[in-house]
Amino acid sequence: PYLYVKECFEGMLYGYEHASERVNFFNLACEGATSVRRIAEEVVAGMGFKPEEVELKFTGGARGWTGDVPQVRLDIEKLKGLGWEAGYDSDGAVRKAVADLVRQMKAE
């Protein structure tokens, strides 16, 4: 799962402000998961290209590069129990980040 950076900060702050224990830990994540291919497709679309105009190439084989962790699943129930949830699912967080970056590039 990819978490939008603003929501990451908000989740950390929420956990700090709402946990009753002096020392605590939380998994910060959102619902869903997004593949590297999906991220590449979002970047291509966000930059205004048509999918057929761009050839995506991946290295590292089916599993990725040495040491890569192909999937990560975090238990987010502890922070949800305090009342915090990310506003974007993983795909939505990727789309938002791509849109923000493209908007920033156009402004420069």
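Refer to the preceding data block for the structure.
Source: prediction; values computed, not measured.

J.: So what about the overall build of the protein chain? Which residues, and what values?
T.: When helices and strands are tallied, the protein chain shows four helices and zero strands. The order of helices and strands in the protein chain, counted from the N terminus, is α-α-α-α. Taking 2.2 N^0.38 as the reference for a compact globule, 108 residues should give roughly 13 Å; the C-alpha atoms of the protein chain span a radius of gyration of 17 Å, well beyond that estimate. The dimensions of the protein chain, computed from C-alpha atoms along their principal axes, are 55 × 35 × 20 Å. Nonlocal contacts in the protein chain, meaning residues at least 24 apart in sequence, comprise 82% of its contacts between residues at least 6 apart. When the accessible surface of the protein chain is split by element, carbon and sulfur atoms take 56% of a total near 8200 Å². Once the 14 positive and 18 negative side-chain charges of the protein chain are each reduced to a mean point, those two points are 2 Å apart.

J.: I'd like a rundown of the packing of aromatic side chains, residues and numbers included.
T.: As enumerated under the stated definition, the model contains one aromatic pair in all. Ring centres of tyrosine 4 and tyrosine 88 lie 5.7 Å apart, and the angle between their planes is 65°; this geometry places the pair in the edge-to-face category. Taken together, the residues tyrosine 4 in the segment before helix 1 (5-18) and tyrosine 88 in the loop between helix 3 (77-82) and helix 4 (90-107) connect sequence positions 84 residues apart. Classification of tyrosine 4 by relative accessible area gives buried; the value is 14%. With relative accessibility at 31%, the residue tyrosine 88 sits in the partly exposed group. The aromatic ring of phenylalanine 25 is capped on one face by lysine 78, whose charged end is 4.0 Å from the ring centroid. Taking NZ or CZ as reference, lysine 78 lies 5.3 Å from the ring centre of phenylalanine 26, over its face.

J.: Explain the environment of glycine 46 residue by residue, including any values.
T.: If you trace the backbone, glycine 46 turns up in helix 2 (residues 36-46). We classify glycine 46 as partly exposed; its relative accessible area is 33%. With 44 residues separating them in the primary sequence, glycine 46 and tyrosine 2 have C-alpha atoms 17 Å apart. Ignoring any residue separated from it by four or fewer positions in sequence, one finds glycine 46 in contact with Val98 and Val102.

J.: Give me the side chain of glutamate 7: which residues, what numbers.
T.: Within the secondary structure layout, glutamate 7 lies in helix 1. For the buried glutamate 7, no salt bridge exists, and the shortest N-O distance to an oppositely charged side chain is 8.1 Å, to lysine 6.

J.: Describe the layout of surface pockets, with residues and values.
T.: Approximately 580 Å³ is the volume found for the largest pocket. As for the largest pocket, its lining consists of 20 residues, and the residues nearest its centre are Tyr2, Ser35, Val36, Asp68 and Pro70. Class assignment for the residues of the lining of the largest pocket results in ten nonpolar, six polar and four charged.

J.: I'd like to hear about the side chain of serine 90, residue by residue, with values.
T.: Residue placement: serine 90 occurs in helix 4. When its relative accessible area of 0% is taken as the criterion, serine 90 is described as buried. With sequence-adjacent residues up to four places away left out, serine 90 is seen in contact with Pro1, Tyr2, Cys30, Glu31, Gly32, Ala33 and Thr34.

How each quantity is defined
- Residues numbered from 1 in each chain as written.
- Predicted model: local features only at pLDDT ≥ 70, side-chain atom pairs only at ≥ 80, totals over all residues.
- Heavy atoms only, no water.
- Helix = DSSP H or I, 4+ residues; strand = E, 2+ residues; numbered from the N terminus.
- Rg over C-alpha atoms; globule rule 2.2 N^0.38 Å.
- Contact = heavy atoms within 4.5 Å.
- Areas by Shrake-Rupley, 256 points an atom, 1.4 Å probe, with all protein chains shown as cover.
- Lys, Arg positive; Asp, Glu negative; His and termini not counted.
- Charge placed at Lys NZ, Arg CZ, Asp CG, Glu CD.
- Phe/Tyr/Trp six-rings, centres within 6.5 Å; stacked < 30°, edge-to-face > 60°.
- Buried < 20%, exposed > 50% of the residue type's maximum accessible area, 1.4 Å probe, protein only.
- Lys NZ or Arg CZ within 6 Å of the ring centre and 35° of its normal.
- Salt bridge = Lys/Arg side-chain N within 4 Å of Asp/Glu carboxyl O.
- 1 Å grid on protein atoms, 1.4 Å probe; cavity = no way out; pocket = protein on both sides within 12 Å on 5 of 7 lines; lining within 4 Å.
- Points joined across faces, edges and corners; volume = space filled by probe spheres on them.
- Nonpolar A, V, L, I, M, F, W, Y, C, P; charged D, E, K, R; others polar.

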